[in-house]
2 protein chains.
Amino acid sequence: MNVGILGGGQLGRMLALAGLPFGMHFTFLEPADAACAADVGHQIKRAYDDPDGLTELCELSDVVTYEFENVPVHVAQSIQARRSIFPPPEALRVAQDRFIEKSTFKELDIDVTPFAAVSSLPELTAAVGTIGLPAILKTRRMGYDGKGQFMIRTAADIDNAWSTLGPNDFILEAFVPFKREISCLGVRSRTGEMAFYPVAENQHRAGILRISTPRANDPLQAQAETFTQRMLERLDYVGTLGFEFFDLGDGRLLGNEIAPRVHNSGHWSIEGSRCSQFENHMRAVAGLKLGDTSLRGPCAMVNFISTAPSAAELSGMPGVHPHLYGKSPRPRRKIGHATVTANDSAMLQQRVDRLVALLPKQD
Amino acid sequence: MNVGILGGGQLGRMLALAGLPFGMHFTFLEPADAACAADVGHQIKRAYDDPDGLTELCELSDVVTYEFENVPVHVAQSIQARRSIFPPPEALRVAQDRFIEKSTFKELDIDVTPFAAVSSLPELTAAVGTIGLPAILKTRRMGYDGKGQFMIRTAADIDNAWSTLGPNDFILEAFVPFKREISCLGVRSRTGEMAFYPVAENQHRAGILRISTPRANDPLQAQAETFTQRMLERLDYVGTLGFEFFDLGDGRLLGNEIAPRVHNSGHWSIEGSRCSQFENHMRAVAGLKLGDTSLRGPCAMVNFISTAPSAAELSGMPGVHPHLYGKSPRPRRKIGHATVTANDSAMLQQRVDRLVALLPKQD
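Here the structure is a predicted model, which is why all the values come from computation and not from measurement.

Parameters at a glance
- Residues numbered from 1 in each chain as written.
- Chains lettered and ligands numbered in written order.
- Predicted model: local features only at pLDDT ≥ 70, side-chain atom pairs only at ≥ 80, totals over all residues.
- Contact = placed C-beta atoms within 7 Å.
- Helix = DSSP H or I, 4+ residues; strand = E, 2+ residues; numbered from the N terminus.
- Nonpolar A, V, L, I, M, F, W, Y, C, P; charged D, E, K, R; others polar.
- Pairing = 2+ DSSP bridges.
- Axes fitted to C-alpha atoms, helices over the stretch in contact; angles between N-to-C directions.
- Domains from an automatic or database assignment.
- Least-squares fit on C-alpha atoms with pLDDT ≥ 70 in both.
- Buried ≥ 20, exposed ≤ 12 C-beta atoms within 10 Å, placed from the backbone.
- Arc of directions from axis to C-beta.
- Core = buried A, V, L, I, M, F, W, Y, C linked by C-beta atoms within 7 Å.

**Student:** Looking at this structure, I do not really get the interface of chain B and chain A. What am I missing?
**Tutor:** Interfaces are frequently sized by the accessible area removed from exposure as the parts join. Opposite the 23 residues of chain B that make contact, chain A presents 23 residues. Among the secondary structure elements, those contributing two or more residues to the side of chain B that touches chain A are helix H11 (311-315) and strand S17 (320-324) of chain B. Counted by class, the side of chain B that touches chain A contains 12 nonpolar, 6 polar and 5 charged residues.

**Student:** Any chance you could explain the sheet that holds strand S9 (residues 170-174) of chain B here in plain terms?
**Tutor:** Across a sheet, paired strands are connected by hydrogen bonds in the backbone, their directions being either parallel or antiparallel. Residues and elements named next belong to chain B. Sheet architecture is open: 4 strands sit in the order S6-S9-S7-S8, paired in antiparallel fashion. Every other strand in the sheet has two partners, leaving strand S6 (115-118) and strand S8 (149-152) as the edge strands with one partner each. Adjacent strand axes in the sheet meet at a mean angle of 20° when their direction is disregarded. With 5 bridges joining them, strand S7 (residues 135-139) and S9 adopt antiparallel strand pairing. Within S9, the position partnered with Thr 139 by the bridge is Phe 170. The sheet contacts of helix H5 (residues 98-107) involve S6, S7 and S9, and relative to S9 the element is tilted by about 45°. On the sheet, helix H6 (residues 121-131) packs against S6, S7, S8 and S9 and is oriented at approximately 170° with respect to S6.

**Student:** Any chance you could explain the domain arrangement of chain A here in plain terms?
**Tutor:** All names here are of chain A. We note that the domain assignment places domain 1 (2-85), domain 2 (114-174) and domain 3 (180-356) within chain A. Taking only C-alpha atoms, the centre of domain 1 and the centre of domain 3 are 22 Å apart. Taken residue by residue, the interface counts 19 residues in domain 1 and 17 residues in domain 3. Mapped by element, the contributors of at least two residues to the side of domain 1 that touches domain 3 are helix H1 (10-19) and strand S4 (63-66). At 7 residues, H1 tops the list of elements feeding residues into the side of domain 1 that touches domain 3.

**Student:** I tried to follow unusual backbone geometry on my own but got confused; where do I start?
**Tutor:** Note on backbone geometry: most residues besides glycine have negative phi, and most peptide bonds are trans. For the peptide bond that leads from Gly 166 of chain A to Pro 167 of chain A, omega is -10°, which places it in the cis range. When you line up the elements, Pro 167 of chain A lands in the loop between helix H7 (157-165) and strand S9 (170-174). Here the residue pair Phe 86 of chain B and Pro 87 of chain B is connected by a cis peptide bond, since its omega of -10° sits within 30 degrees of zero. Here Pro 87 of chain B shows up in the loop between strand S5 (84-85) and helix H4 (89-95).

**Student:** Help me understand the relation of the copies chain B and chain A, please; the structure alone is not making it clear to me.
**Tutor:** A rotation about an axis combined with a shift along that same axis relates the two copies of the chain. Mapping chain B onto chain A calls for a screw motion: a turn of 180° about the axis and a shift of 0.0 Å along it, with 0.0 Å RMSD after fitting. The superposition of one copy onto the other is thereby described by a two-fold rotation axis. Identified as the residue of chain B closest to the rotation axis by C-alpha distance is Val 40 of chain B, at 2.3 Å. When the interface residues of chain B are mapped onto chain A, 100% of them again fall at the interface, so both copies present the same face.

**Student:** What's the story with the pairing of S17 of chain B in this structure? I'm lost.
**Tutor:** As a general feature of sheets, a regular strand has side chains that alternate between the two faces. The element S17 of chain B is extensively covered by neighbouring structure, given that 5 of its 5 residues are classed as buried. Neither face of S17 of chain B is left uncovered, since the one carrying Val 320, Pro 322 and Leu 324 of chain B and the one carrying His 321 and His 323 of chain B both have all their residues buried.

**Student:** Just to check I follow, could you spell out the sheet that holds strand S5 (residues 84-85) of chain A for this structure?
**Tutor:** Residue and element names in this part refer to chain A. Strand order across the open sheet formed by 5 strands is S3-S2-S1-S4-S5, with parallel pairing between neighbours. Looking at strand neighbours, the two that pair on one side only are strand S3 (42-44) and S5, the edges of this open sheet. As paired elements, strand S1 (residues 2-6) and strand S2 (residues 25-29) share 5 bridges and run parallel to each other. Bridged to Asn 2 within S2 is His 25. Against the sheet, helix H2 (residues 51-60) touches S1, S2, S3 and S4, its axis set at about 170° to S2.

**Student:** So what exactly am I meant to see when it comes to helix H3 (residues 73-80) of chain A here?
**Tutor:** Residues spaced three or four apart along an α-helix point in a common direction, a consequence of the helix completing one turn every 3.6 residues. All names here are of chain A. Within H3, burial applies to Val 75, Ala 76 and Ile 79. Each buried residue of H3 lies within a common arc of 100° when the element is viewed along its axis, so the set occupies one face. Buried positions along H3 lie against H2, S4, S5 and helix H4 (89-95).

**Student:** Help me understand helix H6 (residues 121-131) of chain A, please; the structure alone is not making it clear to me.
**Tutor:** All names here are of chain A. Those residues of H6 that fall on the buried side of the exposure criterion are Leu 124, Ala 127 and Val 128. Looking straight down H6, one finds its buried side chains confined to an arc of 105°; they lie on one side. Facing away from the buried surface of H6 by more than 90 degrees, the exposed residues are Pro 122, Gly 129 and Thr 130. Gly 132 sits one or two positions beyond H6 and adopts a positive phi of about 90°.

**Student:** Before we go on, may I ask you to explain the nonpolar core in this structure?
**Tutor:** As a rule of thumb, nonpolar side chains are buried together in soluble globular proteins. Counting 206 residues, the largest nonpolar core has Leu 15 and Leu 172 of chain A together with Leu 15 and Leu 172 of chain B as its most contacted members. Residues within four places of Leu 172 of chain A in sequence aside, it is in contact with Phe 115, Ala 116, Val 118, Leu 124, Ala 127, Val 128, Ile 131, Ala 135 and Leu 137 of chain A.

**Student:** Would you take a moment to explain the environment of Lys 138 of chain B for this structure?
**Tutor:** Residue and element names in this part refer to chain B. In this structure, Lys 138 sits in strand S7. Its 24 C-beta neighbours within 10 Å are what place Lys 138 among the buried residues. Between the alpha carbons of Lys 138 and Asp 363 there is a distance of 23 Å; along the sequence they are 225 residues apart.

In structure tokens:
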């Protein structure tokens, strides 16, 4: 089967590494020069919305998927007219706009922080009155890793927030102190079969995910699965979906955001699960049955941001499985990760700590 | 690191799949048109001994390895003059000639069936007199999967054997009834660090390996490791080496043959071990430390010969991990395998049986 992927970064690369053992062949539509997915497939070096590039991608592919959530919806739709594309374009439409996304959560009875759409300074002032402070002003579209966000703590911050970020279309969200962020990776096949990975606890620094640790038998697993399942069904989804939640510490989860693709907080599944999120995404997209999402044992994922330990250092660390993407180091850039595995959680913590000690303290 | 590989078949493909997560890039020197390794690296489409091809391979590579044992020794030596090549050419010299191979076993006190070099009909007749019957006449070089062999049961077969196979340089080996064939995969790093996989029990049909099952705590593990270690050290070996033995059933192992490369009887290590034979070969060749060769749990490898179940069928079988090489089906051709995993050996046997039931009974 020939698979086309919009995007040629590390997620595309890892999708191909998971799909190649099924005899799949990969083509990436990716304008970047040093695309790290080009090691594992054919690259069409054109813009994501280039008509000739899209035609070539469709001609070379039996089915198309994507590895980033900012694929223009009209591009996905133009592919859909020619080839199957999964996840469906509707998933992009919902995920690309924080207001539509949170409104969809509400519709599906997925708990969510109070929020309002805001497109002008007077609307912002009014929304602060309704929602209260502290609150976070976020662009409705295109923000990631903490970009395009402003925390409003007091009324005096309102003008500053507006002048820093605006004018734009925003969502104002009540800030809710939470105990931890967890994410649930769900996967749905073309026939509607579903499977869920154990929820993972995510640790961020400077707005970037650093460590993700799946928790077997987490008390909030059932709630996270229920919410993720509603989303998968609402979107008639096919593939792996990442769903981030805030755990308020009182038994409640708030839906934060979805990613209609494989997700950084599920990278531990390559060695940690019997079937990884990448393999399951490819199984779903290719119309196959889903694989076993259960854990093989305690594991965690440590991201390499800006820089990474050398392969030589990593090879000397028991239970450390490197995934270096072949990208050149650059500040705040994700250039690799490692899955850390161990026989028990104490050994796991020790191994994670030893690995983290090799990473820069600030980045 | 840029790695050059002589050969572009499934072993090269799986070596690359194991090396890519370390950020390695791959170039294959392979004359075949539809080389299945070309999905995961750059292919130089020239003969293995083509001077321009070899020069290009060296220019594109920091280190060179190979995926088949019939690389001409002079080719490996010509690479060695320009780039590091592992395993060392000496391993090729020994493995390519059954007489040198068995003589080396003898030198190293590795038990071996009685054998003699034979280059003429009178020499064959004399050797039969010394060694006795039944005995197997084999070409010294280039035989594989049962080709170039003749079983001499009675003196009346001698002329027939000679006229069928000869003239050529042969080895005559006393036929020894054995209980089972096992293989030991050993790996040695550039610094001399060594690691061994659990021995695997191999089942053949029509001269081709069909099923390979690693045995945790096999009573002959220590003996197999000792013999494999002697070979690794004698050859100043770097990489993964496959060593096939006959288990005579009385506590003795006879050395049958070595393969100076990753080996079909170790393919279960992709999912079955913490670090696969492919990853460990790449770690060794790249000068890294070795990974953990221990089993994750019960597992086996089932080869797909001539034909393979579809990805759809395979995806519906619990514990079955497909590895389809992207090769077109052809009689007696290895086109894929599956690792079968399970929680216990009864479940493993059931899953293997279910998979084998999908395969042709004759091929």
